[in-house]
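Overview (structure and organization)
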Amino acid sequence: MTVAAAPLEAAETASGKGSPGERPPGEPRLVGYLYVLPAFAVFACFVLYPLAEALWYSLWEWNGLPSSPATWVGLGNYTDVFTDEELRSAFLHALILLVFYAVLPILIGLLLAGVMARAQVRGLAFFRTILFLPQVIAMVVVAVMWKMIYDPENGALNRFLGWFGIEGKSWLGDFSLALPSVGLIGTWVYFGLAMVLLTAGVQKIPPSLYDAARVDGAGPFREFLAVTLPGLRGEIAVALTLTTIYALRNFDLVYITTQGGPGDSTTVPAFQVFSRAFESSQVGSAAAVGVTLTLVIFLISFTINRVAERSS
Amino acid sequence: MTSRAEQTLGYTILGVFSLIALLPVAGIVFTALQDPDGFASFGSIDGLHFSNFSTAWDEANFGTYLRNSVFVAVVVVSVASLLSILAGYAFGLMRFRGSTLLFYVFLLGLMVPMEAIIVPLYYEMRDSWQLQNTYWSIILPQIATSVAFGTFWMRTYFRSVPRSLVEAARLDGASSWFTLWRVLLPLAKPAVLTMAVLLFMWTWNEFLLVLVMITDDGKLTAPLGLSVFQGRNTSDLTLMAAGSVIVALPVVIVYVFLQRHFIRGMLSGAVKG
């Protein structure tokens, strides 16, 4: 596994500068341009150019009809992110979903990593395969599946609760339950990723550190705080970056399960981009939300990896 | 050193969480196998009715959706892999003016979500390029976002190649093209395979792009087919479950056989999603 390289690569991705001695080893060769050209051409046409256009669109107010004029609003669409009620709640929800998509999976992963640090368990590869499975299933399928589980009439969850005499709920239809219910789907998808990453990290911590801690009379809890946790900094940073980005890009799950509802209770930025651009004719605003989302993703990966770099 | 109790605790926790990961998946498979004329409910078993799959395949159009998905995925994965190998080779083993800057531009693409570019892409495809509702409207952007990751991935691989190998090839008078395909690539199979399975998964599961670009039901990919289907038939549980299994299965099969490659790729900083 190449987990060792992960923090470094991710840090490089985020900080935008290589460490010293990172220059390509080869000799100067002009032919390099030719090799890069095809990939760059496609990339420039269908990612860079639209991205620049999105920046431009985001400064205008336009309803999307070619015949109707656009109005220059400058940064108005960006200030809306803070003032528009609907957008504010979308970003707030994204923040809450971070708890479910990133924090919870990492806490579950840490619990297991802590146990694994002391217990040598065989057959990890087998468990790893199962735990990772939710990652590879299309989000649409995950969403359809959980809609069936959450179904208020006939859903598996309410039937299960019924065995214990607990009254069923309308999980995705209730104003206060819908967002955490969507969030738990995210937890289900990503806890395996966190567990696999963190347990693999634990196996790289030198056993001598644990021996030393035991000689000093550390109990399991002290040992976790003094050895396991610091040893996992890089892996935690990677897990946090990945799950955070997935959380912020969360569109299909919300689109299928709740369409942002009931009311606006589960709307997220990615869903706002879609609904503003293609349903409610606020093209400029949609572009601004997309750009803001990108900036936030940049900022978060950059910060997480800076912190991980400094503390290692 | 390790107490038996701790080992048991380790197995128990792993077991419980594996069960949590597996139960919903098992539930939908059971649902897909229920009697289509009976009272269907998620996760129960009343025999094995494989007819749901053929019904979903023929009547609910999943055969068409699947064919479309296979076509798009094959084109995207093969073209994006080829372009990524070429670009990664240059970034990893050659020096040319501005190569670092250019590489960081690619890295930027790794973090740009589809949501950020979808709005202009839609208008360009519709008005300037006249590609809306064609396979090109999903294939081209998908290749573009894939090469951002692919180039990054292949560059990392080529930098790990022993320098002596490349030098020996040069001394023998091999061109850079020959060196890439005959000397380096045979060794790069695991790296290329890992990249290809990740690109396959991302392409197969892509949702927003297809949702926006394709309006013709006959051109939808499998995930979108499922979405349309569930919008129409929320009551037909068995058929929807069968459709879900059909949509998820190709990636799951690849995953089961190549899971080491999936996990390796996802864990080494694959920031795309």
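Note that this is a predicted model, so its numbers are computed, not measured. (Residues numbered from 1 in each chain as written. Chains lettered and ligands numbered in written order. Predicted model: local features only at pLDDT ≥ 70, side-chain atom pairs only at ≥ 80, totals over all residues. Heavy atoms only, no water.)

1. Quick word on the overall build of chain B
- From N to C terminus, chain B includes twelve helices and zero strands.
- Listed by position from the N terminus, the elements making up chain B come as α-α-α-α-α-α-α-α-α-α-α-α.
- In chain B, which comprises 273 residues, the proportion classed as buried is 59%.
- Sequence separation of 24 or more characterises 71% of the internal contacts of chain B that already satisfy a separation of 6 or more.
- When the accessible surface of chain B is split by element, carbon and sulfur atoms take 64% of a total near 10600 Å².
- One way to put it: in chain B the 16 positive side-chain charges average out to a point 21 Å from where the 15 negative ones average out. (Helix = DSSP H or I, 4+ residues; strand = E, 2+ residues; numbered from the N terminus. Buried < 20%, exposed > 50% of the residue type's maximum accessible area, 1.4 Å probe, protein only. Contact = heavy atoms within 4.5 Å. Areas by Shrake-Rupley, 256 points an atom, 1.4 Å probe, with all protein chains shown as cover. Lys, Arg positive; Asp, Glu negative; His and termini not counted. Charge placed at Lys NZ, Arg CZ, Asp CG, Glu CD.)

2. Some thoughts on the packing of helix 5 (residues 124-136) of chain A against helix 12 (residues 237-267) of chain B
- Helix 12 of chain B packs onto helix 5 of chain A with a crossing angle of 95 degrees between their chain directions and a minimal axis gap of 10 Å. If you check the angle between helix 5 of chain A and helix 12 of chain B, you find them roughly perpendicular. Residues A:Arg128, A:Thr129, A:Phe132, A:Leu133, A:Gln135 and A:Val136 of helix 5 of chain A touch helix 12 of chain B, and the partners they reach there are B:Val251, B:Val252, B:Tyr255, B:Gln259, B:Arg260, B:Phe262, B:Ile263, B:Met266 and B:Leu267.
- A breakdown of the residues in the contact of helix 5 of chain A with helix 12 of chain B according to their chemical character gives ten nonpolar, three polar and two charged. (Axes fitted to C-alpha atoms, helices over the stretch in contact; angles between N-to-C directions. Parallel < 35°, antiparallel > 145°, perpendicular 65-115°, else oblique. Nonpolar A, V, L, I, M, F, W, Y, C, P; charged D, E, K, R; others polar.)

3. A look at the UniProt feature "domain: ABC transmembrane type-1" (unreviewed entry) in chain A
- Per the UniProt annotation, the sites labelled "domain: ABC transmembrane type-1" (unreviewed entry) are residues 91-304 of chain A.
- In the segment residues 91-304 of chain A, helix accounts for 75% and strand for 0%; the C-alpha atoms at its two ends are 19 Å apart. (UniProt positions renumbered as here; feature names shortened; annotations may be inferred.)

4. Brief notes about the packing of aromatic side chains
- The final tally for this structure, using the stated rule, is 44 aromatic pairs over all chains.
- Taking the centre distance of 5.6 Å and the plane angle of 70 degrees together, the rings of A:Trp56 and A:Trp60 count as edge-to-face.
- Exposure remark for A:Trp60: the relative accessible area of 24% places this residue in the partly exposed category.
- Taken together, a centroid distance of 5.4 Å and an interplanar angle of 75 degrees make the contact between B:Tyr255 and B:Phe262 edge-to-face. As far as the burial class goes, B:Tyr255 and B:Phe262 line up, both buried. (Phe/Tyr/Trp six-rings, centres within 6.5 Å; stacked < 30°, edge-to-face > 60°.)

5. Details of the interface of chain B and chain A
- Each partner contributes residues to the interface: chain B has 110 residues there, and chain A has 107 residues.
- When chain B packs against chain A, the two sides together hide about 10100 Å² of surface, and 72% of this comes from carbon and sulfur.
- Area buried by chain B at its contact with chain A is led by B:Arg95, B:Met111 and B:Leu267, which between them contribute 8% of it.
- Inspection of the region where chain B meets chain A yields twelve residue pairs in polar contact (both at pLDDT 80 or more).
- Split into classes, the residues belonging to the side of chain B that touches chain A amount to 75 nonpolar, 22 polar and 13 charged. (Buried area = accessible area lost by both parts, 1.4 Å probe. Polar contact = N/O pair within 3.5 Å; in protein donor to acceptor, adjacent residues only side chain to side chain.)

6. Section: the UniProt feature "transmembrane region" (unreviewed entry) in chain A
All names here are of chain A.
- Per the UniProt record, the feature "transmembrane region" (unreviewed entry) sits at residues 30-52, 90-113, 125-149, 177-198 and 283-304.
- In residues 90-113, helix accounts for 100% and strand for 0%; the two terminal C-alpha atoms are 33 Å from one another.
- Structurally, residues 177-198 is divided into 95% helix and 0% strand, and its ends, taken at the C-alpha atoms, are 30 Å apart.

7. Details of the confidence of the model for chain A
All names here are of chain A.
- For chain A, per-residue confidence averages 88 on the pLDDT scale, and 91% of positions sit at 70 or higher.
- No element of chain A has a lower mean pLDDT than helix 1 (residues 5-15), at 38, and none a higher one than helix 2 (residues 32-57), at 97.
- Per-residue pLDDT stays below 50 along residues 1-21; that stretch engages in 47 contacts with residues further than four places along the chain or on separate chains. (pLDDT = per-residue confidence, 0-100.)

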